[in-house]
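# Fold and geometry: a report
Chain by chain, the residues:
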Amino acid sequence: MKLLTKTTLYFVTVSIFVFFAGAFSIYQVIKKLEINKVEQELNYQKKIISQELKNIKSDFNSLTIISSGLIYIEKTSSVPETYKKFSDTLIVDNQQNNFVHYRKLDFFINKDNDVYKVSILKSLMESNYLIEKVALIVTSMVFFFLLTVFYIYKYFFSQIWSDFFYTMNEIRNFNLSSPKVLNFPESGIIEFNQINKDLEKMSKRIINDFNGLKEYTANLTHEVQTPLAVIKSKTELILQDTNLSEEQLKLAGDIYSSTIGLSKLVKTLTLLTKIENNLFIDEEQIDIEQLIDFHLYGFKDISLIKGIEITKKIISKPIVKINSELADILIINLIKNAIKHNIEKGKIEVLLSDKKLCIINSGNELDFNPEILFNRFSKFNKNEDSLGIGLSLVKKICEYYNFEINYNYNNNLHNLSINFE
Amino acid sequence: MKLLIVEDQKSLSDSIVSYLKIEGNLCETAFNFESAVEKISLYKYDCILVDINLPDGNGFEIIRKIKLEKILCGIIIISARDTVDDRIKGLETGADDYIVKPFDMAELNARIKSLIRRINFSGENIIQIGKITIFPEQFQVKVNNDFIDLTKKEYDLLMFLVSNINRVVTKETIAEHLWGDYVDMSDSFDFVYSHMKNLRKKLQEKGLIDYIKTIYGLGYKFNIID
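Fair warning: this is a prediction, and the values are worked out from it, not measured in the lab. (Residues numbered from 1 in each chain as written. Chains lettered and ligands numbered in written order. Predicted model: local features only at pLDDT ≥ 70, side-chain atom pairs only at ≥ 80, totals over all residues. Heavy atoms only, no water.)

Glancing now at the overall build of chain B. Within chain B, the secondary structure is distributed over eight helices and 14 strands. Its C-alpha atoms give chain B principal-axis dimensions of about 55 × 40 × 30 Å. Taking all 226 residues of chain B together, 55% fall into the buried category. Sequence-distant contacts, at least 24 apart, represent 57% of the contacts inside chain B between residues at least 6 apart. Within chain B, the 35 negative side-chain charges are centred at a point lying 4 Å from the centre of the 30 positive side-chain charges. (Helix = DSSP H or I, 4+ residues; strand = E, 2+ residues; numbered from the N terminus. Buried < 20%, exposed > 50% of the residue type's maximum accessible area, 1.4 Å probe, protein only. Contact = heavy atoms within 4.5 Å. Lys, Arg positive; Asp, Glu negative; His and termini not counted. Charge placed at Lys NZ, Arg CZ, Asp CG, Glu CD.)

Now for the overall build of chain A. Within chain A, the secondary structure is distributed over seven helices and eleven strands. Here the C-alpha radius of gyration of chain A, 49 Å, is well above what a compact globule of 421 residues would show, namely 22 Å. With respect to the three principal axes, the spread of C-alpha positions in chain A is 165 × 55 × 40 Å. Among the 421 residues that make up chain A, the fraction classed as buried is 37%. A separation of at least 24 residues holds for 65% of the contacts in chain A among residues at least 6 apart in sequence. Within the structure as shown, chain A displays about 25900 Å² of accessible surface, and the carbon and sulfur contribution to it stands at 55%. Taken as two groups, the 49 positive and 50 negative side-chain charges of chain A have centres that lie 6 Å from each other. (Rg over C-alpha atoms; globule rule 2.2 N^0.38 Å. Areas by Shrake-Rupley, 256 points an atom, 1.4 Å probe, with all protein chains shown as cover.)

Our focus in this paragraph is the environment of E69 of chain B. Topologically, E69 of chain B is positioned in the loop between α3 (59–68) and β6 (74–79). With relative accessibility at 45%, the residue E69 of chain B sits in the partly exposed group.

Attention shifts here to the nonpolar core. I16, L49, I174 and F222 of chain B are the most contacted members of the largest nonpolar core, which has 105 residues in total. A per-element tally of this core places helix α6 (residues 324–340) of chain A first, with ten residues. (Core = buried A, V, L, I, M, F, W, Y, C linked by side-chain atoms within 4.5 Å.)

Bringing a nonpolar patch on the surface into the picture now. Nonpolar side chains collect at one region of the surface, where I152, Y155, F156 and I160 of chain A lie side by side and expose about 400 Å² of accessible area between them. Within the secondary structure, I152 of chain A is located in helix α2 (residues 125–173). (Patch = residues over 30% accessible without salt bridge, like charges linked within 9 Å, V, L, I, M, F, W, Y side chains within 5 Å. Salt bridge = Lys/Arg side-chain N within 4 Å of Asp/Glu carboxyl O.)

Here the focus is the confidence of the model for chain B. For chain B, per-residue confidence averages 89 on the pLDDT scale, and 98% of positions sit at 70 or higher. Both confidence scores are given for the complex: pTM 0.70, ipTM 0.86. (pLDDT = per-residue confidence, 0-100.)

Moving on, we get to the interface of chain A and chain B. Frequently, the measure chosen for interface size is the accessible area removed from exposure when the parts meet. With 40 residues of chain A at the contact, the number on the chain B side is 42 residues. A buried area of about 3600 Å², summed over both sides, lies between chain A and chain B, and 61% of it is on carbon and sulfur atoms. One salt bridge connects D184 of chain B with K340 of chain A, and the closest N-O pair in it is separated by 3.7 Å. The tally of links from chain A across to chain B stands at 16 residue pairs in polar contact (both at pLDDT 80 or more). It is helix α3 (residues 190–239) of chain A that provides the largest number of residues to the side of chain A that touches chain B, a total of 16 residues. Each residue belonging to the side of chain A that touches chain B can be placed in one class, and the counts come to 14 nonpolar, 14 polar and twelve charged. (Buried area = accessible area lost by both parts, 1.4 Å probe. Polar contact = N/O pair within 3.5 Å; in protein donor to acceptor, adjacent residues only side chain to side chain. Nonpolar A, V, L, I, M, F, W, Y, C, P; charged D, E, K, R; others polar.)

Residue and element names in this part refer to chain A. The predicted model of chain A has a mean per-residue pLDDT of 84, with 93% of residues at 70 or higher. The model gives residues 64–68 a pLDDT under 50, and that stretch makes five contacts with residues more than four places away or in other chains. For residues 379–387, every residue scores under 50 in pLDDT, and the model assigns this stretch 18 contacts once sequence neighbours within four places are set aside.

Residue and element names in this part refer to chain A. Examined at the domain level, chain A breaks down into domain 1 (3–144), domain 2 (191–276) and domain 3 (284–419). Here the C-alpha centre of domain 3 lies 26 Å away from the C-alpha centre of domain 2. The interface of domain 2 with domain 3 comprises seven residues on the first partner and eleven residues on the second. Summing both partners gives a buried area of about 850 Å² for domain 2 against domain 3, and 83% of it is carried by carbon and sulfur. Taken as a group, L271, L272 and I275 account for 59% of the area that domain 2 buries against domain 3, more than any other trio of residues on that side. Run the count over domain 2 and domain 3 and you get one salt bridge. (Domains from an automatic or database assignment.)

What follows is the structure in structure tokens.
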């Protein structure tokens, strides 16, 4: 729910409740006041009537109507212990042929040893009419007021929160591939200024950290690879010495290949660190089929030497948003792995469907738990020098992009599948 | 050939000089930005090797200067930085090639030769080694005046060996040169051996025996026996 919608909803709900409760109270108060007024009038009339009745000498039947209200007098035996002074009553109006609301006042008079019950009635029609009108006016005013307040609120809302929405937009556009320290204009609201200032500081820090990390990995590579370059070049020079014995040549050769191994290891570890620290941020839409074709061409020669037949089955051509460098590493390592852990005259099948890539290759069953397959440095074959680091790179990349990766072994076939969704 | 090596790591610079001067190349060195710039403006070189990280400056600046003053020479960047961004930046600045540390001397040597061949476009480039004649522009090889039929990889392999004539070239270097990232180093020997066998056979058919000598467990050496 949007901020405006949510606050408006609260505002409207509370307003409607408060205003209608207020309107209802006003209605009740006015009604009460009106009845009080009628009762006061009735009491006044009672005084006059009782006075007059006492002064009357003649028969009661000749009594005249004193006010606009109605008076009923009847003879009773005695005054009841308790009785209601005021009550409401409905009387049929003959002229208009409908019920009219009256307020009635009952009292008793003693005259010539007789008890008379006197009832004075007063129509509430006028009062009700007034109350009705007042209620109508109050209700329409409430509606009018709500509507006005709503639009004023909406206007002020956009005015007050505009700085906030600007800030939000800037944060959303913040991108580390073209890092720019956030910079907000001065806002008239202290809290927003505070947030903006904090965000400016934070963005600066993020950019610094990011660049620092990038610099660090680059420097680390540089610092390690440079001495390795020296060792490698010196060994290569030793290898050129024609006076060396076969034994010495072999020693130099071992140093040489170990240096290559070490250099590749550093390269891969740096790569893993870079992936773990999200240093590959540029992404583009990559046609996986095209990428596979490109790399299969690179592997053509090698697979030919090993007598491995590579077939491709394309059901559909997924386009995946991924960093191009990582995409290359992913595909190369998958195919390289399938070639390396294959058998003589084996086969590799590359299956590409909507959002899934399967690499199926013939090969011997793993002699360890497949769960550690993707762990750094786990080896398929312990006799080989190579570190099983290729698959851990594959896994890291899949984790980075939330691709699901699965492995299973069936009918002497290894099946590695990656789900790009 | 006259080469300038701009590299602050003196021991690495020394190795490069030792390796390259065997063939009679004239190598000069610069250990910092200032002396590199000075040498470039004073002397003429066929090829310049530039390291990017220098104590008193940036290798890219040297390349920009060369391009600005329209000095005609090959430029190869030698750097430990191997991100795609660095490579692109290097080539965009005007370098002809980019080689990542730690590199193989044989690879560097082959790249320098290939670059020099590309630059010296005038006149036909023919490489004559003993009874072998190579026509680099046509990717063709003649032995005793007969063309021999080589696959692309066999041709690359022969070129690589010829570029590093009389040197021991390790199987790892050959594998890296031929297949780059596509080859797993632990398998390299099989792959190199397979191609080497075919190349040898094709040379032997034309009467060239023992041009390629196997250094057991290490690699190969190409030499001329006449």
